[in-house]
Amino acid sequence: MQQESIFKSWVPNWAIIAILIFCMMHCMVVLGVYTSNSTYSASYLDVEPEDLQFTFSISYGVFLATIMIESRLFKFFPTKSYFLTIYSLMAICFMISGYTRNFSVFLILRIVEGVLMALPWLPLRQLLITRFTSKNAVIVGFSFNYGSLLVASPFIMTIVVWFLDAYEWRYMAYGAAVFQILCVVTVMVTFTNKRFTKKIPLYQIDWASYILSITAILSGCFVFIYGEKKYWFDSSEIIIGIIVTTIAGGLFLMRQLTMKRPALDLNIFRYRNLRIAIILFVILYISRATLNLVNSAMSVIWNWEPARVANVQYINVLGNVIGLVIAGVCLAKAVSVRKIFILGFSIFAVFHIWFTFLFLPDVSVMDIAIPYLLQGVAVGVLFVPMVLFTVSSVPTKYAPYSGLMGVAGRFWGSTIGFCIMQNAGVYLRQTHFTKLRQFVLSESPETQQRLATLTQSFLGKGYSQDDAYKLAVKQVIASVTKQSTLLANMEIFTWVGYFLLALALFLMFNNHLIKTVNIFKNRIWGS
């Protein structure tokens, strides 16, 4: 069927493109609405920040698993009814989220939201790509597709901050529900009742593989997110999580090897370029996790207000747009993907090394503007070429599976990235705190002078002698803690920067990648 038939005749092509991009924001709303201000959300639900990160990971993980069965569902239901049902159910989920403070119920809702996030994603991307008629349609479509996700987060954060300032937490969930209702109205107004594809029955869906994959993913998320908090192998819960992940993952792989129509054809791993693409995606997302340290420093170390932190994000958005444009031009001119990767990871390395020197007790926006911009440029340069490289790394018949592995690389990269930053941060902060504490012993003259000054300051504010001294001690400890956090961040950024620089040099001189320069070009342009 022609894709034009699912849109009403009066809707122009440019409006269809805008509508599809708008509907794609549904995915970013699901992922970002609660994590844009994780501290406030965690306090409302009476949970720890790790718990909120876990809800993010399970939504993303269920999204990954659902992609395996999404195609069958989309081809079975009428297109308009399919989208209307998904957005309506999502609105209901957000409304319920606004009413509940029970974390177990919230977790179940996040799992459901992960399913509903995945179902429209690939169909919308496919519809978007078909709206471009030039030879570079794939480049343009993917740039719009993934670019909209990259730049949407700050907009959502701004809206969330406004809701939290003006209303209670639950109204943030209601606002997300309103967005889903707008999607419902948009689909009702602009879509026809015709199908986009031929109807295919549902009986061939591999539900067993779906359940096994979700079980392995959720158990793996639990291990990575809570490992540090529960002291890893000292916790029976972590050990059980590892066992469940191993068994479920093993059964999933065995099932794929024995099935005639597997949910994931493991033959794709025979292609070396796909393995490289997955590794690069994991590295990219682990490296992106360092941005959370910067955003945390803005709030905790530099004491910037949430609205100011949200506004600073637009510097990164500008970088994303610049990077996407650079990548699009390079791809259109058939520049070697290896050179694009070298450029992107080199810029990423510069960002980390530069920011190493900016973890100070106080900085201004102007101090961080350029490196913060460079981080966005690096991600923008790398993202779309990496997606296209992943898809083109295998024969056409395996393309859906390679796309799935690209999502898997991004998911596990973000989850492992959180785990690495969390564990490295805790270890390094403790190490530096122990070292710094040696220089602020109570018998130290400098410490005594500092305590006397602070005590006098609190006495001047009306505190008693005992309370003033206790507050002075707390402030000295807080200063040591802040300094140990800054030193830990500096060390993390230094090592990540050096690693990315080494990766860029490896890509520059690796013979296999040099020999496969033309493979990417041939897969995408057929020439």
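Residues numbered from 1 in each chain as written. Predicted model: local features only at pLDDT ≥ 70, side-chain atom pairs only at ≥ 80, totals over all residues. Heavy atoms only, no water.

*Asks:* Provide a residue-level description of the side chain of N489, including the pertinent values.
*Replies:* Position of N489 among the secondary structure elements: in helix α18 (residues 465–509). Setting aside residues no more than four positions away along its own chain, N489 makes contact with L293 and F359. (Helix = DSSP H or I, 4+ residues; strand = E, 2+ residues; numbered from the N terminus. Contact = heavy atoms within 4.5 Å.)

*Asks:* So what's going on with the state of the cysteines? Residues and values would help.
*Replies:* Inspection of every chain in the model, using the stated rule, returns zero disulfides. Looking at C183, it has no disulfide partner, and the nearest cysteine sulfur is the one in C23, 4.5 Å off. (Disulfide = S-S within 2.5 Å.)

*Asks:* Tell me about a nonpolar patch on the surface, residues and numbers included.
*Replies:* There is a patch of nonpolar side chains on the surface, built from F233, I239, I243, I247, L251 and M254 and spanning about 600 Å² of accessible area. Tracing the backbone shows I243 in helix α10 (residues 236–258). A residue is classified by how much of its surface remains accessible, and I243, at 44% relative accessible area, is partly exposed. (Patch = residues over 30% accessible without salt bridge, like charges linked within 9 Å, V, L, I, M, F, W, Y side chains within 5 Å. Areas by Shrake-Rupley, 256 points an atom, 1.4 Å probe, with all protein chains shown as cover. Salt bridge = Lys/Arg side-chain N within 4 Å of Asp/Glu carboxyl O. Buried < 20%, exposed > 50% of the residue type's maximum accessible area, 1.4 Å probe, protein only.)

*Asks:* So what's going on with unusual backbone geometry? Which residues, and what values?
*Replies:* Residue Y231 is not a glycine yet carries a positive backbone phi of 60°. Tracing the backbone shows Y231 in the loop between α9 (207–226) and α10. Not every positive phi belongs to a glycine, and N303 is a case in point at roughly 55°. On the accessibility criterion, N303 (55% relative accessible area) is exposed.

*Asks:* Explain helix α3 (residues 49–76) to me, using residue names and the numbers behind them.
*Replies:* Along its 28 residues, α3 runs 40 Å from first to last C-alpha, staying within 8% of the 40 Å computed at 1.5 Å per residue. At I69, α3 is deflected by roughly 50°, the largest bend along its length. Counted residue by residue, α3 has 23 buried out of 28 residues, so it is predominantly covered. (Expected span 1.5 Å × (residues − 1). Bend = angle between axes of the 7 residues up to and from the residue.)

*Asks:* Give a detailed account of the pattern of salt bridges, specifying residues and quantitative values.
*Replies:* Taken as a whole and assessed by the stated rule, the structure comprises three salt bridges. For R255, the salt bridge goes to D206, with nearest N and O atoms at 2.9 Å. Residue R255 is located in helix α10, and its partner D206 is located in the loop between α8 (169–190) and α9; the two are separated by 49 residues in the primary sequence. When the shortest N-O distance is used, the salt bridge between K230 and E237 registers 2.8 Å.

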